[in-house]
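Understanding the architecture of this molecule
What follows is the residue order along each chain.
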Amino acid sequence: MRVILFVLIAIHLLIIACNAPKSAFRNGKKPAEIQKPDWAAKNYGYKSARNSYSDLLHTKLEVSFDWAKKQMFGKAYLSFKPYFYPQDSLVLDAKGFDIKAVQLINTKAINTELRYTYDNKKLNIKLNKKYTSCDTFHIFIEYVAKPEELKTSGGEAITSDKGLFFIVPDSANPTKPYQIWTQGETESSSCWFPTTDSPNEKCTQEMYITVDEKYKTLSNGEFIYSHKNADQTRTEYWKQALPHATYLFMMAIGEFAVVHDKWNKIPVDYYVEPSHEKYARHIFGLTPEMIGFFSAKLKYKYPWAKYSSVIVRDYVSGAMENTSATVFMDGLQKTDRELLDENYENIIAHELFHHWFGDLVTAESWAHLPLNESFATYAEFMWEEYKRGKMAADYARLNDLQSYLREAESKREPLIRFNNKSPDDMFDSHSYAKGGCVLSMLRNVVGDTAFYQSLALYLKTNEFKSAEIHHLRFAFEEVTGQDLNWFFDQWFMQPGHPDIVVLDSYTDGKLKITVYQNQDSLYAPIFKLPVKLEIYTDSAKITKHITVNKAKQQFEFEVNKKPELVLFDPEHILVSNTNHKKTRKEYITQYEKSDTYFAKYQALDEMGVYIDSASVRASCIKALDQPFWKLREIALDNLEKYKGKDTSEILTRISLMAQNDKNTTVRANAVSFLGKKARPAFEKIYEMGLKDSSYAVVGASILSYLKLKPANADSTLKIFDSETNSEIVSAISEYYSTHYDSTKYEWFANKIKAIKPESLFFLVQDFGTFLLKSNANLQQQGATILLPLAEKSPFEWVRYSAYKSLIIVGLKSKEQNLKRIKEGERSERLRRLYKNL
Ligand SMILES: [Zn+2]
């Protein structure tokens, strides 16, 4: 599963409490007066893996639907074998069903009715006799699944757990297509079929899906046939011949366009809405190359019968790796032009990699979720490195490191969390971001070849089974011959990370490096950290490898001349907060001489405060030629801080970037840079920018151009009236919220209906600012648009943004309305936020 990180980050920024880590090292003793910090790991009680009594071997489902009632008619044929101990009863997960029949299937005679009790969650079946582990028995259950009547909840990563979703047009979106799709993870498959809803249960599967003729269906495994029925319906048969976990079962139904592709002889299909059929190959077209790349890296050929990707409406998270049939949120449904600014290769790689880590070998309980999610996150770095090089991979990894460190300000849990509060809480920046970075570190510790050989062994040993973190350690130890318990213990079983301070000094031919681990040792270990050092003299670079394993440690090296620069962990491979202060001159040397993304990025970033210095400026201007785009962007940011007069070279260089930079983000930023002041010299560049192929550049050009030519606002913006692209819409909404004109009310009202939910956060916020400047009448009208968004939007960030706007605008019975929204809010995080508003 890929959660929607950009949203989590956006909202998370607002809720970081002042829980700065205590940095005093307290020698393992807890003075009575020191309070446990809020971020310290919590113990919600040990959650064991589910015990197995009868092994589910096979599931065959026949399903059809009542769209009006949003219900599913199901017939389930389930095969079981007692695990070890003889069994005379069977307990199944089955949430909110009408149970019509529960029978034992007899091979020759008619079925035997079985006695059962049902409490709306568990179906407790009394078998006709005691079965032993040599027996197999078959159960038939007829039922109606009623997901709308379930008392559901939702977490921050997966926003609803009703399992089966009927998407139908409504008053807010009358053109929405009819779709049905499912979401099993974590334990919601039992909302649409009776099963053992636990990640350590695997079985084979057959699906017979009956739908109106106009719909396409998708499910796990191989498509076998489609049968036309007499009543204008079709029954489609899908067969998953290899066992997989029950949370990975899926179906998707809708009027999809299907674009066929291939990897070797395996079908690779893309299901999108017909309007995007012509873009499907651009959205998903790298999938076959990814399958080949991961198969080769893992020395384990993609194991499943096919690979399909389907985009659905109103999806409850980012994407989900259902075996051989991945579901994606509709944010991925982009046109070729939109794809110039943003592609979703990271999510596509993430879900695909789960087909080894998650689907082939599955975390045996949610406590071990990093065995799925840390690997899928790591795959995003792998793909970047393969496709765009080491700097791009490091950029992705360091973004994730930041995301974890931000989260660590409010919580620090071990990656393997037996004491989790609920499975949903595992889907956070620990399991994803920190885990991905920890795996990068592990690769660094054991070496590239050993790393991938160990993964291959882990997959082969545990294929079609579930695993714990120790299975992973065994594979690494078997391949490397090393005892790696120290690594796995400190990074997977213990919480926190090192807070490192590095000092260096040079006297009498000796370079002395002092390293402190300043983390609070009551709540995190003192880590063992293999680290690389780079020592730069005017003539050479000396590389040293040290192991830090104490709270304070000194290292000495003979160096015949005072070094120009010492770099500790030049790639920032450690999952740590590392503080190593340097002088301006050292940062310039670091920028000039280092060759890793982190060292160059850090140096440039630090140089920003010295931008008044001519030599720093010269370095930043030179950095506008860096091959990796993010470094060009930082150089641009630095130059923006320069308020002096010596700007002619800077402006010349940036005006060229505004026209030619091949990265659309940098090109857009260059246009914004020029447009910060009304500079008539660049009018032509803005005019060209209005016609750029990239929406991001067009958005930036709109604002830069109108700063120069405010009188042309109406005629300029009219051109973009029908655009629903978020870059354009947010540029215009920013303009309308700052240049007030009451007649633009309709524009806001229409755009809020028309654009994709992921773009609504800023639009709704700008609408609030617009309304604040409006008269009471217009504010009342606007509130009628905001109210349903704040109350009913399925998207947390939309509800939040609408609620915030409602606070500032006039509204009848305002207090009661806000109170009702607050009390009805289902997200714990939003309730927390609302308390402070
Ligand atoms: Zn995932």
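As a reminder, the structure under discussion sits directly above these lines.
Residues numbered from 1 in each chain as written. Predicted model: local features only at pLDDT ≥ 70, side-chain atom pairs only at ≥ 80, totals over all residues. Heavy atoms only, no water.

**What to know about the overall build of the chain**
Helix and strand counts for the chain stand at 27 helices and 29 strands. Seen through its principal axes, the chain has C-alpha atoms that stretch 95 × 70 × 60 Å. Scored against the burial criterion, the 837 residues of the chain give a buried share of 57%. Carbon and sulfur atoms form 50% of the exposed surface of the chain, whose accessible area is close to 35300 Å². Treating the 110 positive side-chain charges of the chain as one cloud and the 105 negative ones as another, the clouds have centres 2 Å apart. (Helix = DSSP H or I, 4+ residues; strand = E, 2+ residues; numbered from the N terminus. Buried < 20%, exposed > 50% of the residue type's maximum accessible area, 1.4 Å probe, protein only. Areas by Shrake-Rupley, 256 points an atom, 1.4 Å probe, with all protein chains shown as cover. Lys, Arg positive; Asp, Glu negative; His and termini not counted. Charge placed at Lys NZ, Arg CZ, Asp CG, Glu CD.)

**Quick look at the pairing of strand β15 (residues 251-254)**
Of the two faces of β15, the one carrying M251 and I253 and the one carrying A252 and G254 are both buried. When strand β10 (residues 179-182) meets β15, the two strands line up antiparallel, connected through 3 bridges. Paired with I180 across the two strands is I253, which belongs to β15. The sheet contact formed by strand β12 (residues 216-219) and β15 spans 4 bridges and is antiparallel. Bridge pairing links S219 to M251 in β15. (Pairing = 2+ DSSP bridges.)

**Points about the coordination of the zinc ion**
With distances of 2.0 to 2.6 Å, the protein atoms coordinating the zinc ion are M1 (N), M1 (O), H350 (NE2), H354 (NE2) and E373 (OE). In the primary structure, the donors to the zinc ion are separated according to the pattern M-x348-H-x3-H-x18-E. H354 gets classed as buried once you look at its relative accessible area, which sits at 0%. (Donors = N, O, S within 2.8 Å, 3.2 Å for Na, K, Ca; no water.)

**Regarding the packing of helix α25 (residues 796-808) against helix α26 (residues 814-824)**
Packing of α25 against α26 brings their axes to within 11 Å, and their N-to-C directions diverge by 160 degrees. Taken together, the axes of α25 and α26 lie roughly antiparallel to each other. The hand of the α25/α26 crossing is left-handed. Between α25 and α26, the contacting residues are Y803, L806, I807 and I808 on the first element and K814, L818, I821 and K822 on the second. Across the contact of α25 with α26, the residue classes tally to 6 nonpolar, no polar and 2 charged. (Axes fitted to C-alpha atoms, helices over the stretch in contact; angles between N-to-C directions. Parallel < 35°, antiparallel > 145°, perpendicular 65-115°, else oblique. Left-handed = near helix turned anticlockwise from the far one by under 90°. Contact = heavy atoms within 4.5 Å. Nonpolar A, V, L, I, M, F, W, Y, C, P; charged D, E, K, R; others polar.)

**Notes on the sheet that holds strand β16 (residues 257-263)**
A sheet is described by the order of its strands in space; here 5 strands give the open sequence β16-β17-β18-β20-β19, paired in mixed fashion. Two strands in the sheet have a free side with no partner beyond their single neighbour: β16 and β19 (319-320). As paired strands, strand β18 (residues 307-311) and strand β20 (residues 325-328) are joined by 4 bridges and run parallel to one another. The residue bridging S309 from the neighbouring strand is T326, located in β20. Seen against the sheet, helix α3 (residues 287-298) touches β16, β17 (266-272) and β18 and runs at an angle of roughly 35 degrees to β16. Against the sheet, helix α5 (residues 345-353) touches β18, β19 and β20, its axis set at about 145 degrees to β20.

**Structural notes on a nonpolar patch on the surface**
Together, Y83, F84 and Y85 make up an exposed nonpolar region whose accessible area comes to about 430 Å². Take Y83: it is sitting in the loop between β2 (71-82) and β3 (87-93). (Patch = residues over 30% accessible without salt bridge, like charges linked within 9 Å, V, L, I, M, F, W, Y side chains within 5 Å. Salt bridge = Lys/Arg side-chain N within 4 Å of Asp/Glu carboxyl O.)

**Description of the side chain of Q179**
Note that Q179 resides in strand β10. Overall, Q179 belongs to the buried group, its relative accessible area being 2%. Excluding anything up to four places from it in sequence, Q179 contacts W67, F165, F166, I167, I253, G254, F256, E273, I311, V312 and R313.

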